[in-house]
Amino acid sequence: FPSHDIIYSVGSFIRKNHSISHILQHTQPADLLKELSHNIFYFGKTFKTQSGSEYRFVEGKPLDSMLGPNYMVLMKHMILGPDGDTIQNTFAIDSMEERPYPVQTGTDVREVIQKMSEGSMVELYVPTDSLKKISGHIPQVAKLPDGKRVTFVIKVFKIMDFEAYDVYRNTKRISVRYRDWE
C-alpha cells in the first residue's frame, strides 16, 4: 500500500475518535488493530462497478451489507473534469442532498452509494462518454472530450431510516422557520 493511504487511514480513525490519548484509554489494542487493518485494506485499493468504472474509498469503509428501500442518504458530491476543473460542487452549498437509498443500481453513482457507509468518501472515475449519455443536457458535460474520465467525489454524511429522516426533516423545517422570524 502507498504510505500516504496508511497514514490517512490512521488519521481518519484518530479524527473519528477525537484524540490519540482517547484511543489509548478507551480502545483495546486488538480492536484498534482490527479497525486500522480493515480501513487500510480499503484505502488505495481500486474496485470496479458492474459497468467497469473504477472507484476507491478515500475515507471510511463500505457497508457490511446492502440496506433496504426504507432509508434516506444525506450526502454531497463534486464532479471534477478530466483536467481537474469543477463541473458541479454541492460541497459549496449549505444544505445536504437528500436522496432515497438506491435499491437498484442503474448508474455507477447509485451502485457506489449502495456500498458506502456513514462518513465514507469515495472517488468514482467515470468515462466522459458514459457521463454524456446520462447528463449530456448539462452544458459543461456536453463539452467534455471523449475518451477521458471525470471524477465524482461522493461523501455520505448520514444514512437514516424513514422514521429518523422524518424527525430530521421536521427539525430542519422548524429551524428554517425560526431563522426566518429573526
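Our structure is the block above this text.
Every value quoted in this text rests on a predicted model; they were computed, and no experiment measured them.

Colleague: Outline the overall build of the chain, supporting the account with residue identities and numerical values.
Modeller: Regarding its fold elements, the chain presents seven helices and seven strands. Written out in order from the N terminus, the α and β elements of the chain read α-α-α-β-β-β-β-β-α-β-α-α-β-α. Counting every position in the chain, which comprises 182 residues, the buried fraction comes to 36%. The contacts in the chain between residues at least 6 apart in sequence include a share of 64% that link residues at least 24 apart. If you sum the accessible surface of the chain, you get close to 11,100 Å²; carbon and sulfur atoms cover 55% of it.

Colleague: Could you give an account of the packing of aromatic side chains, with specific residues and numbers?
Modeller: One pass over the full model with this rule turns up four aromatic pairs. Site record: aromatic cluster; members linked through ring pairs are Phe47, Tyr55 and Phe57. Lying over the aromatic face of phenylalanine 157, lysine 155 brings its terminal NZ or CZ to 5.5 Å of the ring centre.

Colleague: Describe the side chain of serine 120, and please don't skip the residues or the numbers.
Modeller: Counting through the fold element by element, serine 120 comes out in the loop between α4 (108-115) and β6 (121-127). Using a relative accessible area of 0% as the deciding quantity, one classes serine 120 as buried. From its side chain, serine 120 meets the backbone oxygen of serine 117 in a polar contact 2.6 Å long. With residues up to four places along the chain from it excluded, the contact list for serine 120 reads Phe57, Glu59, Gly60, Lys61, Ile154, Lys155 and Val156.

Colleague: Run through the pairing of strand β3 (residues 71-80), naming residues and quoting values.
Modeller: In summary, the side chains of a regular strand alternate between the two faces of the sheet. Counting buried residues in β3 gives eight out of 10 residues, a clear majority hidden from the surface. For β3 and strand β7 (residues 149-161), the ladder comprises 10 bridges, and the chain directions are antiparallel. The residue bridging isoleucine 79 from the neighbouring strand is phenylalanine 152, located in β7. Bridge analysis of β3 against strand β5 (residues 97-100) gives four bridges, and the strand direction is antiparallel. Bridging across to β5, methionine 72 finds its partner in proline 100. The pairing of β3 with strand β4 (residues 86-89) spans three bridges and is antiparallel. Looking across to β4, one finds that leucine 80 is bridged to threonine 86. Remark: five residues form the turn of the hairpin made by β3 and β4, two consecutive strands paired antiparallel; glycine 84 in that turn has positive phi of roughly 85 degrees.

Colleague: Describe the pairing of strand β2 (residues 54-59), naming the residues involved and giving the relevant values.
Modeller: Burial of β2 is extensive: five of the six residues sit out of reach of the surface. Of the strand pairs in this sheet, strand β1 (residues 47-48) and β2 are connected by two bridges, and their pairing is antiparallel. By the bridge assignment for β2, phenylalanine 47 is matched with tyrosine 55. If you look at the hairpin formed by β1 and β2, you'll find five residues sitting between the two strands, and glycine 52 has a positive phi there, around 105 degrees. Two strands pair when backbone bridges link them, and β2 and β6 are joined in this way by five bridges, in the antiparallel orientation. Its bridge partner lying in β6, phenylalanine 57 is registered against valine 122.

Colleague: Residues and numbers for the pattern of salt bridges, please.
Modeller: A full pass over the atoms with the stated rule returns eight salt bridges. Residues lysine 158 and glutamate 118 are paired through a salt bridge, measuring 3.9 Å at the closest nitrogen-oxygen approach. Pair noted here: lysine 158 is in strand β7 and glutamate 118 is in the loop between α4 and β6, with a separation of 40 residues, a long-range link. With relative accessibility at 37%, the residue lysine 158 sits in the partly exposed group. The salt bridge involving lysine 132 is made with aspartate 146; its shortest N-O contact spans 2.8 Å.

Colleague: Hey, could you go over the nonpolar core for me, with residue numbers and the actual values?
Modeller: One finds Val150 and Phe152 to be the most contacted residues of the largest nonpolar core, which totals 23 residues. For this core, the secondary-structure elements that each account for two or more residues are β2, β3, α4, β6 and β7. At five residues, β7 tops the list of elements feeding residues into this core.

Cut-offs used in this document
Residues numbered from 1 in each chain as written. Predicted model: local features only at pLDDT ≥ 70, side-chain atom pairs only at ≥ 80, totals over all residues. Heavy atoms only, no water. Helix = DSSP H or I, 4+ residues; strand = E, 2+ residues; numbered from the N terminus. Buried < 20%, exposed > 50% of the residue type's maximum accessible area, 1.4 Å probe, protein only. Contact = heavy atoms within 4.5 Å. Areas by Shrake-Rupley, 256 points an atom, 1.4 Å probe, with all protein chains shown as cover. Phe/Tyr/Trp six-rings, centres within 6.5 Å; stacked < 30°, edge-to-face > 60°. Lys NZ or Arg CZ within 6 Å of the ring centre and 35° of its normal. Polar contact = N/O pair within 3.5 Å; in protein donor to acceptor, adjacent residues only side chain to side chain. Pairing = 2+ DSSP bridges. Salt bridge = Lys/Arg side-chain N within 4 Å of Asp/Glu carboxyl O. Core = buried A, V, L, I, M, F, W, Y, C linked by side-chain atoms within 4.5 Å.

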